[in-house]
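# Survey of secondary and tertiary structure
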Amino acid sequence: MNDLSVLSATRKPWVFQTLDSFDELVTQVEARMPNGAHVVVLQGNAMRSLDEFYNELIEKLSLPDYFGRNLNALDECVTDLEWLGLDGQPVVVVVRDAGAVLQGDHEGFEGFIDVMQNAGEEWSNAVTEGSEWDRPAVPFHVVLNFRELQAFKAHDFPHLKIS
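Described below are features of the structure shown in this document. This one's a predicted model, so the numbers in the text were calculated from it and none came from an experiment.

## Re the side chain of Asp20
With respect to the secondary-structure elements, Asp20 resides in the loop between β2 (15-18) and α1 (22-32). Here the side chain of Asp20 touches Ile162 through a polar contact of 2.9 Å, landing on its backbone nitrogen. Dropping the residues within four chain positions of it, Asp20 is found in contact with Asn145, Leu160, Lys161 and Ile162.

See below:
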């Protein structure tokens, strides 16, 4: 079991799951992150189909117009995010009702998780090439908030506890 302090670290695991109260989870993440955090809330119930999935990501991550609505394009965008002006701030993506995301599309859901894990890995490494792209290592984590115990038990992501 992990507490919220893991979300301010630039190390694995990148994806967690919880059954804790969604509202309390978001409140605590925002309150406990040193130097604040860029918290992105995705509504799983608004991500049931592939179209809805990409629409929610475009809106909540403010993805650029050139975003190609596929997992490769998502990977490229979430490992960049320059348009969010993060300035070294940790990124925490919280997915409410995660059991509803791409319901019935296990392969699509796993692809989404793979992209988020890759983003965590990418952001955990500082860029120090002496260019305008230089940046410190930045924590990037995803918290899947499940409403149902059965959906929660179907995954083996590390558990995150608020208290």
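## Examining the pairing of strand β4 (residues 91-96)
Counting buried residues in β4 gives 5 out of 6 residues, a clear majority hidden from the surface. Note: strand β3 (residues 38-43) against β4, 6 bridges, orientation parallel. Each residue of the ladder has a partner; that of His38, found in β4, is Val91. Alignment of β4 against strand β5 (residues 140-145), held across 6 bridges, turns out to be parallel. Paired with Val93 across the strands is Val142, a residue of β5. The handedness of the β4 to β5 crossover, carried by helix α4 (residues 106-123), is right-handed.

## Thoughts on the environment of Asn145
By the secondary structure assignment, Asn145 is in strand β5. Distance in space between the C-alpha atoms of Asn145 and Gln43 is 9.9 Å, their sequence separation being 102 residues. Among the polar contacts listed, one links the side chain of Asn145 to the backbone oxygen of Asp20, at a separation of 2.8 Å.

## Concerning the environment of Arg96
Topologically, Arg96 is positioned in strand β4. Judged by relative accessible area, which is 25%, Arg96 ranks as partly exposed. Between the C-alpha atoms of Arg96 and Leu42, which are 54 residues apart in sequence, the distance is 6.2 Å. Beyond its immediate stretch of four places on either side in the chain, Arg96 contacts Phe22, Asp23, Leu42, Gln43, Gly44, Asn45 and Asn145.

Definitions and cut-offs
Residues numbered from 1 in each chain as written. Predicted model: local features only at pLDDT ≥ 70, side-chain atom pairs only at ≥ 80, totals over all residues. Heavy atoms only, no water. Helix = DSSP H or I, 4+ residues; strand = E, 2+ residues; numbered from the N terminus. Polar contact = N/O pair within 3.5 Å; in protein donor to acceptor, adjacent residues only side chain to side chain. Contact = heavy atoms within 4.5 Å. Buried < 20%, exposed > 50% of the residue type's maximum accessible area, 1.4 Å probe, protein only. Pairing = 2+ DSSP bridges. Right-handed = clockwise from strand over helix to strand, strands pointing away.

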